[in-house]
Amino acid sequence: MANRTFVVGVGMTKFEKPGSRDWEYPDMAKEAVGKALEDAGVAYDRIEQAYAGSMYGAMGQRALYETGMTGIPVMTVANACATGSSALFLARQSVRGGLADCVLALGMEKMQKGSLGAGVGKSKVTIIDHHLNSMVAGRPWEMDKAPMPQMFGNAGREHMEKYGSSADHFAWIGWKNHKHSVNNPYAQFQDEYSLDDVKNATMIFDPLTKLQCSPTSDGAAAAIVVSERFVDDNDLWDQAVEIAGHHIASDTADSFADHSSIQVVGFGCSQRAASRAMDEAGIGIDDVDVIELHDCFSANELITYEALGMASVGEGHKLVDDQATTYGGTWVVNPSGGLISKGHPLGATGIAQCAELTWQLRGKADKRQVAGAKVALQHNIGLGSACAVAVYTKPTR
């Protein structure tokens, strides 16, 4: 029998424009972990294991030494844009398997200004070379200097051609997420724009304008994952949020079989991860109230509506027409502002999503609060590929 798993403490830094704050990975970690420990009411010496996610820092131990040096196992995790969720997944696995009762998941990143590149290092083989080659084979264009906007822009174009969505649908998603972020003090951007502002912003890769693309960011987030026994022994039921399902999926051959850009950017991974996570939790998408979704680009949010089962394939834009993914709709998607407006420090993103959903289910999200939220879903994808989907619920004893 697998153990039940709970988040009892979360904390994060404000996400910042790269270079705007003078800090290093240990500074980020100390701030985020300190807030999570304070939230949980747990001292650092109660932590039995730690998983520290970072794509560029690669310094789990050193980053945590400013918080404490207690001799515990510390593992550095790197898994593309799903790095934070992967650290959380591993922390949960330790607790779920009975190997530990209290585990730290940390995500952090210090990034460079400008567009995210295709890989790290000088190897001719990169984390996304399969994906880029498949995209180019399926489209009549050569590789763009900014491959990430091109990949997701091409997925948006494919959706428009196949299913009749329009650039206006993607623009509305950018508008929505910027509007949501106005109430998030942790967001890199807290500016509200008109829909025309979003549509008329600098074109990055048609149909995606600058205000529909996530920025590079600096920041960190942390979560304390514990067992049911730990919740009981420390009387933490009032603040505990249960991780009722969590799965990470990678690519299959189908991701590249027909050179579909929609598949290349992770539709199948998202579909499989969501199905497994919701099955484990014993819920369906209609039971979900609030969602933090990996909107690295607005096109990906719309496509992911379909992968999660919120709409049938080819009908994601109908949710935009109905405004079904904001306050007053069927679901509230990205109340934090999402990656587009909250920011996207690669290693921290997944755990920041966990923090937002934990606050939502506790009823502590202030002006962002989704009324009556009881079930939450997290979607975090990194090309290469890894897609993590988690389901959170308000627990019963």
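Since the structure is predicted, the reported quantities are computational estimates derived from the model, not experimental observations.

(A) Fine view of the pairing of strand β8 (residues 241-249). For β8, a buried count of 8 out of 9 residues is recorded, marking the element as mostly surrounded by other parts of the structure. Pairing analysis gives 2 bridges linking strand β1 (residues 5-12) to β8, with the strands arranged antiparallel. Bridging from a neighbouring strand, Val7 pairs with Val241 of β8. Sheet topology note: the β8/strand β12 (residues 386-393) ladder contains 7 bridges and is antiparallel. Across the sheet, Ala249 pairs through a bridge with Cys387, a residue of β12.

(B) Region of interest: the state of the cysteines. This model, assessed by the stated rule, comprises 0 disulfides. Cys269 takes part in no disulfide bond, and the closest cysteine sulfur to it belongs to Cys387, at a distance of 6.4 Å. The class of Cys387 is buried, set by a relative accessible area of 0%.

(C) Just the environment of Val389, in detail. Here Val389 shows up in strand β12. Its relative accessible area of 0% is what places Val389 among the buried residues. Each C-alpha atom of the pair Val389 and Ser336 lies 17 Å from the other, and the pair is 53 residues apart in sequence. Every residue in contact with Val389, bar those within four places of it in the chain, is listed here: Gly245, His246, His247, Ser270, Ala273, Ala274, Ala277, Leu377, Gln378 and His379.

(D) Representation of the packing of helix α10 (residues 267-281) against helix α11 (residues 298-307) in the model. Axis separation between α10 and α11 bottoms out at 9 Å; the angle between their running directions is 45°. The angle between the axes of α10 and α11 places the two elements in the oblique class. Every pair of crossing elements has a handedness; the one defined by α10 and α11 is right-handed. Mapping the contact onto sequence places Phe267, Ser270 and Gln271 in α10 and Ile303, Glu306 and Ala307 in α11. In the contact of α10 with α11, the residues fall into 3 nonpolar, 2 polar and 1 charged.

(E) Summary view of the packing of helix α5 (residues 147-163) against α11. The N-to-C vectors of α5 and α11 enclose an angle of 55°; their axes lie 9 Å apart at closest approach. With respect to their mutual orientation, α5 and α11 come out oblique. Crossing hand, α5 versus α11: left-handed. Between α5, through Phe152, Ala155, Gly156 and His159, and α11, the contact on the second element is made entirely by Ala299, Asn300, Leu302, Ile303 and Glu306. The residue inventory of the contact of α5 with α11, partitioned by class, reads 5 nonpolar, 3 polar and 1 charged.

(F) How the structure looks around the pairing of strand β11 (residues 375-382). Buried residues dominate β11, accounting for 8 of its 8 residues. Going residue by residue along β11, you find Val375, Leu377, His379 and Ile381 tucked away on one face and Ala376, Gln378, Asn380 and Gly382 tucked away on the opposite face as well. Looking at chain direction, strand β9 (residues 290-292) and β11 are connected through 3 bridges and run parallel. Bridging across to β11, Ile291 finds its partner in Leu377. Counting the residues in the hairpin turn of β11 and β12 gives 3 residues, including Gly384, whose phi is positive at 140°.

(G) Seen up close, the UniProt feature "domain: Thiolase C-terminal" (unreviewed entry) in the chain. Mapped onto this structure's residue numbering, the UniProt feature "domain: Thiolase C-terminal" (unreviewed entry) falls at residues 267-389. Summarising residues 267-389: 43% helix, 14% strand, and an end-to-end C-alpha distance of 13 Å.

(H) A look at the side chain of Asp295. Structurally, Asp295 is set in the loop between β9 and α11. Of the side chains with opposite charge, Lys176 lies nearest to the buried Asp295, which makes no salt bridge, at 6.6 Å. At 2.9 Å, the side chain of Asp295 and the side chain of Asn177 are in polar contact. Among the polar contacts made by the side chain of Asp295, one reaches the main-chain amide nitrogen of Leu339 at a distance of 2.7 Å. When neighbours within four sequence positions are excluded, Asp295 is seen to be in contact with Asn177, Ser214, Glu301, Asn334, Gly337, Gly338, Leu339 and Ile340.

(I) Structural view of the pattern of salt bridges. In this structure the tally under the stated criterion is 18 salt bridges. Lys199 serves as the salt-bridge partner of Asp168, at 3.4 Å between the closest nitrogen and oxygen. With a gap of 31 residues between them, Asp168 in helix α6 (residues 167-181) and Lys199 in helix α7 (residues 195-200) connect regions that are remote in the sequence. A residue is classified by how much of its surface remains accessible, and Asp168, at 42% relative accessible area, is partly exposed. One salt-bridge network, in which partners are shared between bridges, spans Glu16, Arg21, Glu31 and Lys35.

The rules behind each value
Residues numbered from 1 in each chain as written. Predicted model: local features only at pLDDT ≥ 70, side-chain atom pairs only at ≥ 80, totals over all residues. Heavy atoms only, no water. Buried < 20%, exposed > 50% of the residue type's maximum accessible area, 1.4 Å probe, protein only. Helix = DSSP H or I, 4+ residues; strand = E, 2+ residues; numbered from the N terminus. Pairing = 2+ DSSP bridges. Disulfide = S-S within 2.5 Å. Contact = heavy atoms within 4.5 Å. Axes fitted to C-alpha atoms, helices over the stretch in contact; angles between N-to-C directions. Parallel < 35°, antiparallel > 145°, perpendicular 65-115°, else oblique. Left-handed = near helix turned anticlockwise from the far one by under 90°. Nonpolar A, V, L, I, M, F, W, Y, C, P; charged D, E, K, R; others polar. UniProt positions renumbered as here; feature names shortened; annotations may be inferred. Lys, Arg positive; Asp, Glu negative; His and termini not counted. Salt bridge = Lys/Arg side-chain N within 4 Å of Asp/Glu carboxyl O. Polar contact = N/O pair within 3.5 Å; in protein donor to acceptor, adjacent residues only side chain to side chain.

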